[in-house]
Amino acid sequence: MKSRQYLDWDAGVALTLVEKIASSRAGPVLLCLQAVQEKFGFVHDSAVALIAEACNVSRADVHGVLTFYADLRSTPPPAVPVRICASEACQAVGGRALKAAWVQLCADDSELAELTGTDEPIFCLGNCALGPAVMIDGELLGCVDVLRLREAVASACIVGGAVG
């Protein structure tokens, strides 16, 4: 697994990125938000006004799009993002129990909780036959239990350099 490296927030870089998109398409708010997040890992508060001005829409419009889409985030991502599938198929084969066990493990280990961030559910990873499914740092795993989840996070830390 590989951790993604993002740029530190830079309004000038974001403005250049957003203006390029806004000048080439009509109604590009979502595209601008996605581009900013791709570059910086999240959509900084300053980017909302920047995108609103470039796209000639209100800040409320941009904020509405930002908060509507679950894949857009307004806070920096954790070092190793963990997303446990919350679909019915995964729930039927232990997804709820996996989530509860993971939440408990993170509650008992503050370093682990900080490393993986808060719970970011996802509502289908397309891996229903191998549930419960989990996305760890962009990698899909099936038939996951809490021990396998912890091992995958540890592996992502070693490979991605999140922990020394």
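Residues numbered from 1 in each chain as written. Predicted model: local features only at pLDDT ≥ 70, side-chain atom pairs only at ≥ 80, totals over all residues. Heavy atoms only, no water.

**Quick look at the overall build of the protein**
Just so we agree on the cut-off: By definition, any uninterrupted DSSP run of H or I lasting at least four residues is a helix, any uninterrupted run of E lasting at least two residues is a strand, and each is numbered from the N terminus. For every residue, the accessible area obtained with a 1.4 Å probe (protein chains only) is divided by the maximum for its type, and the residue is called buried under 20%, exposed over 50%, and partly exposed between those limits. Contacts are assigned to residue pairs with any non-hydrogen atoms lying within 4.5 Å of each other. Counting rule for charge: Lys and Arg are taken as positive, Asp and Glu as negative, and neither His nor the chain ends is counted. Note on charges: their place is set at NZ of Lys, CZ of Arg, CG of Asp or CD of Glu.
Regarding its fold elements, the protein presents eight helices and three strands. Ordered by position in the sequence, the α and β elements of the protein form the string α-α-α-α-β-α-α-α-β-β-α. Taking the principal axes of the C-alpha coordinates as reference, the protein spans close to 50 × 35 × 25 Å. Taken over 164 residues, the protein has a buried fraction of 36%. For the protein, long-range pairs separated by at least 24 residues make up 64% of all intrachain contacts whose partners lie at least 6 apart in sequence. In the protein, 12 side chains carry a positive charge and 19 a negative one; their mean positions are 5 Å apart.

**Observations concerning the packing of helix 1 (residues 11–24) against helix 3 (residues 45–55)**
Here is the rule we go by: In this analysis, axes come from line fits to C-alpha atoms, helices being fitted only over the stretch in contact, and the angle between any two N-to-C directions falls in the range 0 to 180 degrees. Here the angle decides the label: under 35 degrees means roughly parallel, over 145 means roughly antiparallel, 65 to 115 means roughly perpendicular, and every other value means oblique. For any helix crossing, the convention is left-handed if the near helix is rotated counterclockwise from the far helix by under a right angle, and right-handed if that rotation is clockwise. Polar here means any residue other than Ala, Val, Leu, Ile, Met, Phe, Trp, Tyr, Cys and Pro, which are nonpolar, and Asp, Glu, Lys and Arg, which are charged; Gly is therefore polar.
Interhelical geometry of helix 1 versus helix 3 gives an angle of 30° and a closest axis separation of 9 Å. Put simply, helix 1 runs roughly parallel to helix 3. Helix-helix and strand crossings are classified by hand; for helix 1 and helix 3 the assignment is right-handed. Where helix 1 abuts helix 3, its residues Ala 11, Ala 14, Leu 15, Val 18 and Ala 22 lie against Leu 50, Ile 51, Ala 54 and Cys 55. Residues that form the contact of helix 1 with helix 3 fall into these classes: nine nonpolar, no polar and no charged.

**Some points on the environment of Pro 76**
Turning to its location among the elements, Pro 76 is positioned in the loop between helix 4 (59–68) and strand 1 (82–84). Judged by relative accessible area, Pro 76 falls into the exposed class, the value being 52%. Sequence separation between Pro 76 and Gly 117 is 41 residues, and the spatial gap between their C-alpha atoms is 9.6 Å.

**Concerning the nonpolar core**
Selection criterion: Put simply, buried Ala, Val, Leu, Ile, Met, Phe, Trp, Tyr and Cys residues joined by side-chain atoms within 4.5 Å make one nonpolar core.
Residues Leu 33, Ile 51 and Val 62 are the most contacted members of the largest nonpolar core, which totals 20 residues. Mapped by element, the contributors of at least two residues to this core are helix 1, helix 2 (29–40), helix 3 and helix 4. Aside from chain neighbours lying at most four places away, what touches Ile 51 is Val 18, Val 29, Cys 32, Leu 33, Val 36 and Val 62. The next biggest cluster of nonpolar side chains, apart from the first, holds 17 residues, and it includes Val 80, Leu 98, Leu 112 and Leu 141.

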